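Next come the chains, spelled out residue by residue.
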Amino acid sequence: MSEAAPGNLPLRLENCSIERALGVVGEKWTFLVLREAFSGVRRFADMQAATGAPRQVLSARLARLVEEGLLRKVPYREPGQRQRDEYRLTQMGLDLYPTLVALMQWGDRYLSDHEGPPTLLTHRGCGAPIEQHFRCTEGHEVSGPREVTALPGPGMRLSPPALASPGPAGSAGG
């Protein structure tokens, strides 16, 4: 998101939360690893089989998710085997669940095969389908971005606009 500066020069948000979040999770294999973790898959071999990720890619993604605090390693040992680690979601990782569900529901709506979505999410308690809704703190349902106003937050930092330097004399800029 950018703000208009005096004179309509755009300012760049230095500390955008969306940009920072994408720096952590903005990659296909990361979301597929998280999908499996939310489904209860904890072990490397099981995760590799479920995602189809190459071994080195999966290893790098798991290491990054541990480093960023979304997963934690928990050692385990099968009888007669060496100690290994399984990967469990932290609270930070669990808090991404609504994001993953929103992405899945968007894919279901716009990218599913003609038969319908490949997976249905239901409430374990009653079996009803899961829906996501936006609400303000007063309880009003918010249907979309046209009902939202973005205001500067207490931590907003903007970069001054980069002024375009004139090109060589006689050049036609574009």
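Residues numbered from 1 in each chain as written. Predicted model: local features only at pLDDT ≥ 70, side-chain atom pairs only at ≥ 80, totals over all residues. Heavy atoms only, no water.

Report on the layout of surface pockets, specifying residues and quantitative values.
Considering only enclosed or pocket space, the largest pocket measures out at about 1000 Å³ in volume. In this structure, the largest pocket is lined by 28 residues; those nearest its centre are Pro98, Ala102, Leu103, Gln132 and Phe134. Breaking the lining of the largest pocket down by element, the ones donating at least two residues are α1 (17-25), α6 (97-111), β5 (134-135) and β6 (141-142). For the lining of the largest pocket, the class distribution of residues is 16 nonpolar, seven polar and five charged. As a volume, the second largest pocket reaches approximately 530 Å³. Element by element, the count of residues in the lining of the second largest pocket is highest for α6, at eight residues. Grouping the amino acids of the lining of the second largest pocket by side-chain chemistry returns 12 nonpolar, five polar and four charged. (1 Å grid on protein atoms, 1.4 Å probe; cavity = no way out; pocket = protein on both sides within 12 Å on 5 of 7 lines; lining within 4 Å. Points joined across faces, edges and corners; volume = space filled by probe spheres on them. Helix = DSSP H or I, 4+ residues; strand = E, 2+ residues; numbered from the N terminus. Nonpolar A, V, L, I, M, F, W, Y, C, P; charged D, E, K, R; others polar.)

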